[in-house]
Amino acid sequence: MTPLLMSWRCVPCCRSGLSWCVTRMITQTVLRGVHKKNKKKLINHSPAASWEERLSDVCTPLWRMEYKEQLKYKLEALQKVLRDLCLTVKERGGQLPDYNGLFCLLQEVLPSPVIYGYRNKSTFSVNLGPNGDPKTVGNYVGNERDRSIVCVRTDHLLNIPVKHKLVAKCYEDYIRQSPLPPCLHFRDEGHWHEIIVRTNSNGDVMAIFTFYTKHLPQDKVLSHILSLKEYFTHGPGSVCNLTSLYCQQKNPATNQISPPLLLHGSPHLTERVLGLDLRVSPTTFLQINTPGAELLYTALGNLVKNRSKSILFDVCCGTGVIGLSLAGQFQEVVGIELVDDAVCDAQWNMTFNGVENCQFLVGRAEKLLPKLLSERNNTEHVVAVVNPPRAGLRKTKL
Ligand SMILES: C[S@@+](CC[C@H](N)C(=O)[O-])C[C@H]1O[C@@H](n2cnc3c(N)ncnc32)[C@H](O)[C@@H]1O
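Source: prediction; values computed, not measured. (Residues numbered from 1 in each chain as written. Predicted model: local features only at pLDDT ≥ 70, side-chain atom pairs only at ≥ 80, totals over all residues. Heavy atoms only, no water.)

Draft legend 1. Up close: the overall build of the protein. When helices and strands are tallied, the protein shows 10 helices and 16 strands. Of all 398 residues assigned to the protein, the portion counted as buried reaches 49%. For the protein, contacts bridging at least 24 residues in sequence account for 62% of all contacts bridging at least 6. Carbon and sulfur atoms provide 53% of the accessible area of the protein, an area that totals close to 19800 Å². (Helix = DSSP H or I, 4+ residues; strand = E, 2+ residues; numbered from the N terminus. Buried < 20%, exposed > 50% of the residue type's maximum accessible area, 1.4 Å probe, protein only. Contact = heavy atoms within 4.5 Å. Areas by Shrake-Rupley, 256 points an atom, 1.4 Å probe, with all protein chains shown as cover.)

Here it is, written out as structure tokens:
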């Protein structure tokens, strides 16, 4: 189980006098990459392991540990990353400060306020289940390379909330009685595809399903989509009490997915994070554990106290949550984000919450940041935050 995925470190950047606060999500990928060997020990590779256990090992690799042990494991994983990085720099003749054998201060991993059912977004695939049923809704066990994928229901997963599981179950019930076949991985046929479920702290639910339109005339596409809508709004699926239902069509000609089409309910959910009301559209990025994110942003705020004369660069700002939540502590906030829609959400969030000292710019941080910094001759009053650190940012010259 990976209920808490956060820690942070603060590295003063000597060259520019710029405070460089780096928040860091320790993702499963990091755990996989850094502690591959250790992780193998965590996983029960016995052929007797059930499908459910195997799925838990994929989705929540630390689930066999007590939560305290998980936090210790994550801290050690981070220490190892920093030690390895330090070694690499030193081997190449570089010099680094020493903080107890690490080159920067590393704080404890904070426990998440919620450790079960904490996800606010889940994606469920459709594929062959362990019993061979091609209309099984769940998550994958197996390997894409050798095409050994099996789709296992997620009812037992500790990190997925009950509401998400209910939508997945209802979707499975519906597609099983539909005459249309599913659209399976690697097969250019069938129609029913994945479903994404998002919830907010109020318990509102948004579902976004993908429908593959190949070989189906548009009127038939429409009737099947509307029939699913009817099922979720007035049929047995109404137990899910959906706040919003969206459909995305996968276009066979381009293999691209259309923008989400609202079939029912409100276009957005609203999520409250640290007193801010945030607009959540089908594509909006939010940290997956909202109370965990609040803890992260609060911890970040504590690191950057007394900055009323400073400017904050929120690098890769997404919908601007970090910058907006810290805006009161800074003279000015500049968010930089690659994706246009995310910047629109950030601007909406700023206006809706009455924040006035932020601006959000669309563009690549690597390109915009040097220009923005060169416009400011005193970088002492500049703080930058990036979450998560991106490989694409590593060559940025500050
Ligand atoms: C995981 S989200 C994090 C958003 C935000 N920092 C937060 O914590 O809520 C990462 C964001 O970085 C953006 N991004 C990725 N590479 C970027 C780049 N080179 N320049 C600017 N934004 C980038 C993505 O579009 C995405 O919205």
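Draft legend 2. Representation of the UniProt feature "binding site: S-adenosyl-L-methionine" (unreviewed entry) in the protein. Under the UniProt annotation, "binding site: S-adenosyl-L-methionine" (unreviewed entry) lies at Gln287, Glu337 and Asn387. Its location among the elements puts Gln287 in the loop between β12 (276-280) and α7 (290-303). Inspection of the secondary structure assignment puts Glu337 in strand β14 (residues 330-337). With near-sequence residues (within four places) excluded, Glu337 lies in contact with Cys316, Cys317, Gly318, Ala342, Val343, Leu361, Val362 and Gly363. Here the side chain of Glu337 touches Val339 through a polar contact of 2.8 Å, landing on its backbone nitrogen. (UniProt positions renumbered as here; feature names shortened; annotations may be inferred. Polar contact = N/O pair within 3.5 Å; in protein donor to acceptor, adjacent residues only side chain to side chain.)

Draft legend 3. How the structure looks around the side chain of Glu172. One can find Glu172 in helix α5 (residues 162-177). Relative accessible area serves as the criterion here: at 2%, Glu172 is assigned to the buried category. Ignoring any residue separated from it by four or fewer positions in sequence, one finds Glu172 in contact with Lys135, Thr136, Val137 and Arg153.

Draft legend 4. Region of interest: the pairing of strand β13 (residues 307-315). Of all nine residues making up β13, seven are buried, and the element is well covered by its neighbours. Pairing of β13 with β14, which is carried by six bridges, proceeds in the parallel orientation. From the neighbouring strand, Val315 faces β14, where its bridge partner is Ile336. Summarising the sheet, β13 and strand β16 (residues 382-386) pair through five bridges and their orientation is parallel. Residue pairing in the sheet places Leu312 in a bridge with Val383 of β16. (Pairing = 2+ DSSP bridges.)

Draft legend 5. Fine view of α5. Counted at 1.5 Å a residue, the expected span for α5 with its 16 residues is 22 Å, and the 23 Å between its end C-alpha atoms agrees. Listed as buried for α5 are His164, Lys165, Val167, Ala168, Cys170, Tyr171, Glu172, Tyr174 and Ile175. (Expected span 1.5 Å × (residues − 1).)

Draft legend 6. Quick look at the sheet that holds strand β7 (residues 192-199). Across the sheet, which stays open at both edges, the seven strands sit in the order β6-β5-β4-β7-β8-β9-β10 with mixed pairing between neighbours. At either end of the open sheet lies a strand with only one pairing partner, and these are β6 (150-152) and β10 (261-265). When strand polarity is set aside, the average angle formed by the axes of neighbouring strands in this sheet is 35°. In this structure, strand β9 (residues 244-250) lies alongside β10, joined through four bridges in antiparallel fashion. In the sheet register, Leu245 faces β10, and the bridge partner there is His264. On top of the sheet, helix α3 (residues 51-59) reaches β5 (136-141) and β6; it is set at about 65° to β5, its chief contact. α5 contacts β4 (121-127), β5, β7 and β8 (205-212) of the sheet and is inclined by roughly 155° relative to β7. (Axes fitted to C-alpha atoms, helices over the stretch in contact; angles between N-to-C directions.)

Draft legend 7. Up close: the pairing of β4. Where burial is concerned, most of β4 is hidden: five out of the seven residues are buried. Relative to β7, β4 runs antiparallel, the two being bridged by four bridges. Bridged to Lys121 within β7 is Arg198. Note that β4 and β5 share three bridges and pair antiparallel. What sits directly across from Asn127, in β5, is Thr136.

Draft legend 8. The arrangement of the nonpolar core in detail. Ranked by size, the top nonpolar core spans 35 residues in total, and within it Val167, Tyr171, Trp192, Phe209, Phe211 and Phe232 carry the most contacts. Leaving out residues up to four positions away in the same chain, Phe232 has contacts with Val167, Cys170, Tyr171, Gly237, Ser238, Cys240, Leu242 and Leu245. Counting 32 residues, the second-largest nonpolar core is a separate cluster that includes Val273, Val343, Ala346 and Phe360. (Core = buried A, V, L, I, M, F, W, Y, C linked by side-chain atoms within 4.5 Å.)

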